[in-house]
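Each chain, letter by letter, is given below.
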Amino acid sequence: MRLAETLAALANAHGGIVILGVSTAGKVTGVSDEQSVHGAIRAASLSAVPPLILPLPSSLDVDGRSVCAVEVPPGLPRVQRGRPLLHPQRRT
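### Focus: the overall build of the chain
Next up, step 1: When its secondary structure is counted, the chain shows two helices and five strands.
Next up, step 2: Shown N-terminal to C-terminal, the secondary structure of the chain runs as helices and strands in the order α-β-α-β-β-β-β.
Next up, step 3: Here the chain holds 92 residues, and 25% of them are scored as buried.
Next up, step 4: By sequence separation, contacts in the chain at least 24 residues apart represent 52% of the contacts at least 6 residues apart.
Next up, step 5: In the structure as shown, the chain presents an accessible area of about 6900 Å², 56% of it carried by carbon and sulfur atoms.

Structure (structure tokens):
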């Protein structure tokens, strides 16, 4: 679920890249099964309502370990009654 939320957040912003197989401290831990990770990425992107544009996962070899980079393109703007649905900017 956390992956789906992260992908949705990036798509709702301006897109971005998620790196799987690297700890928050920057240590390369790797992923054990690239195909399973790619499947989980597709499943997470399709679990959003409405589904996201499919992200573009790729596998990289870093320090002898497999790391998955997921490029998330910006999502499409929401449309309501034929007009773009804009969210008001938060003011503090």
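### A look at the sheet that holds strand 1 (residues 16-20)
Next up, step 1: Spatially, 1-3-2 is the arrangement adopted by the three strands of the open sheet, whose pairing is antiparallel. Each edge of the sheet is formed by a strand with only one pairing partner; in this case those strands are strand 1 and strand 2 (56-62). Each adjacent strand pair in this sheet contributes to an overall mean axis angle of 25°, direction not counted.
Next up, step 2: Two elements, strand 2 and strand 3 (residues 65-72), share seven bridges in a ladder whose sense is antiparallel. For L60, the partnering residue across the bridge sits in strand 3 and is V67.

### Examining unusual backbone geometry
Next up, step 1: At D63, a residue that is not glycine, the phi angle is positive and equals roughly 55°.
Next up, step 2: With a relative accessible area of 71%, D63 lands in the exposed category.

### Re helix 2 (residues 34-46)
Next up, step 1: An ideal rise of 1.5 Å per residue puts 18 Å on 13 residues; helix 2 measures up with 19 Å between its terminal C-alpha atoms.
Next up, step 2: What helix 2 keeps buried is the set V37, H38, I41, A44 and S45. In a view along the axis of helix 2, the buried residues occupy a sector of 125°, so they form one face of it. Helix 2 presents Q35 and L46 as exposed residues on the side facing more than 90 degrees away from its buried surface.
Next up, step 3: In this structure, the buried residues of helix 2 make contact with helix 1 (2-12), strand 1, strand 2 and strand 3.
Next up, step 4: Its side-chain oxygen placed 3.3 Å from the backbone nitrogen of Q35, D33 serves as the N-cap of helix 2.

### Focus on the nonpolar core
Next up, step 1: Counting 11 residues, the largest nonpolar core is built from A4, L7, A11, V18, V31, V37, I41, A44, C68, V70 and V72.
Next up, step 2: Among the secondary structure elements, those contributing two or more residues to this core are helix 1, helix 2 and strand 3.
Next up, step 3: Among residues more than four places away in sequence, those in contact with C68 are V18, I19, L20, V37, H38, I41, P57 and S58.

How each quantity is defined
- Residues numbered from 1 in each chain as written.
- Predicted model: local features only at pLDDT ≥ 70, side-chain atom pairs only at ≥ 80, totals over all residues.
- Heavy atoms only, no water.
- Helix = DSSP H or I, 4+ residues; strand = E, 2+ residues; numbered from the N terminus.
- Buried < 20%, exposed > 50% of the residue type's maximum accessible area, 1.4 Å probe, protein only.
- Contact = heavy atoms within 4.5 Å.
- Areas by Shrake-Rupley, 256 points an atom, 1.4 Å probe, with all protein chains shown as cover.
- Pairing = 2+ DSSP bridges.
- Axes fitted to C-alpha atoms, helices over the stretch in contact; angles between N-to-C directions.
- Expected span 1.5 Å × (residues − 1).
- Arc of directions from axis to C-beta.
- Polar contact = N/O pair within 3.5 Å; in protein donor to acceptor, adjacent residues only side chain to side chain.
- Core = buried A, V, L, I, M, F, W, Y, C linked by side-chain atoms within 4.5 Å.

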